[in-house]
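# Observations on the model geometry
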Amino acid sequence: MIRVVAAVIIENGKVFLASRPENKPPAGWEFPGGKVEKGESDAEALQRELTEELNWPVTPVKELYLLQNENLTISFILATPEPGTHPECREGQRFQWVPLTSGIPDGLLKNDVEFWKNLASNKIKI
């Protein structure tokens, strides 16, 4: 079973999404994050991944949603960036801020769609 964490960063009604780096399939948009390493907590993994990939220090706040299937567990974690910091794409990826009211973003990865739907419909409380 692979454990993954995904950062949910929301500012002014918009959600932060990052593209997958070209050398890391599948292609598309996702909530940024990555695999949890042995001995790491979900919060530690989230902080490490966002620092490595986006040079963006964040503070994990709380788990919002847990997606599980036969091979994968994804913990979607609400996170707040350190004040005055901004993402810096270190692996050739791009990012965008998407309004929650705009529908499912084109190219959003399959595993993130269910979470997006629940977030956009207010079934998940921030």
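Relevant structure appears above.
It should be emphasised that the depicted structure is a prediction, and the values quoted were computed from it without experimental measurement.

Turning to the sheet that holds strand β5 (residues 33-35), a few remarks are in order. The strands making up a sheet associate through backbone hydrogen bonding, with each pair oriented either parallel or antiparallel. An order of β5-β1-β7-β6 is seen for the 4 strands of this open sheet, with the pairing classed as mixed. Among the strands making up the open sheet, the edge pair consists of β5 and β6 (58-68). Taken over all neighbouring pairs, the strand axes of this sheet differ in orientation by 20 degrees on average, direction set aside. Bridge count between strand β1 (residues 2-8) and β5: 3 bridges; the pairing is antiparallel. Bridge assignment links Val-5 to a residue of β5, and that residue is Gly-34.

What follows concerns the pattern of salt bridges. Throughout the structure, instances matching the rule amount to 6 salt bridges. One salt bridge in this structure joins Glu-30 and Arg-20, with 3.5 Å as the shortest N-O distance. With Glu-30 in strand β4 (residues 29-30) and Arg-20 in the loop between β3 (14-19) and β4, this residue pair connects regions lying 10 residues apart in the sequence. Ionic pairing is found between Arg-48 and Glu-52, a salt bridge with its closest N-O pair at 3.3 Å. One end of the pair, Arg-48, and the other, Glu-52, are both in helix α1 (residues 42-54), 4 residues apart, so they sit about a helical turn from each other. Assessed through its relative accessible area of 41%, Glu-52 is described here as partly exposed.

Parameters at a glance
- Residues numbered from 1 in each chain as written.
- Predicted model: local features only at pLDDT ≥ 70, side-chain atom pairs only at ≥ 80, totals over all residues.
- Heavy atoms only, no water.
- Pairing = 2+ DSSP bridges.
- Helix = DSSP H or I, 4+ residues; strand = E, 2+ residues; numbered from the N terminus.
- Axes fitted to C-alpha atoms, helices over the stretch in contact; angles between N-to-C directions.
- Salt bridge = Lys/Arg side-chain N within 4 Å of Asp/Glu carboxyl O.
- Buried < 20%, exposed > 50% of the residue type's maximum accessible area, 1.4 Å probe, protein only.

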